Amino acid sequence: MGLVTDPDAAARLARRYPRPHRRWWIPLAVVLAVVGTAWLVWAGLHGATKVVTARVDAFDVRSDTLIAVTVTVDRPDPAKGAQCLLYAQAVSYERVGELPVVVPAGGERLTRLEFELKTFKRATTAVVESCRNT
């Protein structure tokens, strides 16, 4: 492709395909990049700090109405207490028992606890649903 040398054709092409004003989007892009970066940093720091987690290490189905569960709770700040919700599940995936687990403040970051959970039907497993600081 070559350059248009006819001034009338160049004028017609300029009217038909005007050049967009490109300078207005630069400040907008900078502002959006700064806001996006600030939100990303905030979301990462907010979601990654001081989260209490727990896992079921072992369980023993002792009867149709009782299951023994060993849970390890990980608290980033042992000076704060924690509360977790532990539930037992039947072979049909229905909840057959629940127990709010309270971990007192103090002690080590990793705390191993044993519980006996009463159920209204034979349990096949135990699950920690959620944990939070108290």
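The written sequence of each chain sets the order in which its residues are numbered from 1. Only residues with pLDDT of at least 70 are given local features in this predicted model, and only at 80 or more are side-chain atom pairs given and counted; all residues enter the totals for whole chains, interfaces and linings. As a convention, hydrogens and water are excluded, and side-chain values are obtained from all of the structure's heavy atoms.

Some details on the sheet that holds strand S6 (residues 125–133)
Note the threshold: For two strands to be treated as a pair, DSSP must find at least two bridges joining them. Under the DSSP-based scheme used, a helix requires at least four consecutive residues in state H or I and a strand at least two consecutive residues in state E, with every element numbered from the N terminus. Axes, fitted as lines to C-alpha atoms, cover a helix only where it is in contact. Angles between the N-to-C directions of the axes lie from 0 to 180 degrees.
Strand order across the open sheet formed by three strands is S4-S3-S6, with antiparallel pairing between neighbours. Where the open sheet ends on each side, the last strands, each with one partner, are strand S4 (95–103) and S6. When strand polarity is set aside, the average angle formed by the axes of neighbouring strands in this sheet is 20°.

Details of the confidence of the model for the protein chain
So the rule is basically this: Confidence of the predictor at the level of single residues is given by pLDDT, which spans 0 to 100.
For the protein chain, the average pLDDT comes to 88, and 94% of its residues sit at 70 or higher. By mean pLDDT, the top-scoring element of the protein chain is strand S2 (residues 66–74) (95), and the lowest-scoring one is helix H1 (residues 7–16) (84).

With respect to the state of the cysteines
In protein structure, a disulfide is the covalent linkage between the sulfur atoms of two cysteines. Rule in force here: The disulfide criterion is simple: two cysteine sulfur atoms within 2.5 Å. Between buried and exposed lies partly exposed: a residue is buried under 20% and exposed over 50% of the maximum accessible area for its type, with that area taken using a 1.4 Å probe on protein chains only.
Evaluation of the coordinates by the stated rule reveals one disulfide. Paired through a disulfide, Cys84 and Cys131 show a sulfur-sulfur distance of 2.0 Å. For the disulfide bridge between Cys84 and Cys131, the dihedral angle about the S-S bond is near 115°, and by the sign convention the bridge is right-handed. Note that Cys84 is positioned in strand S3 (residues 82–89) and Cys131 in strand S6, a separation of 47 residues in sequence. Its relative accessible area of 4% is what places Cys84 among the buried residues.

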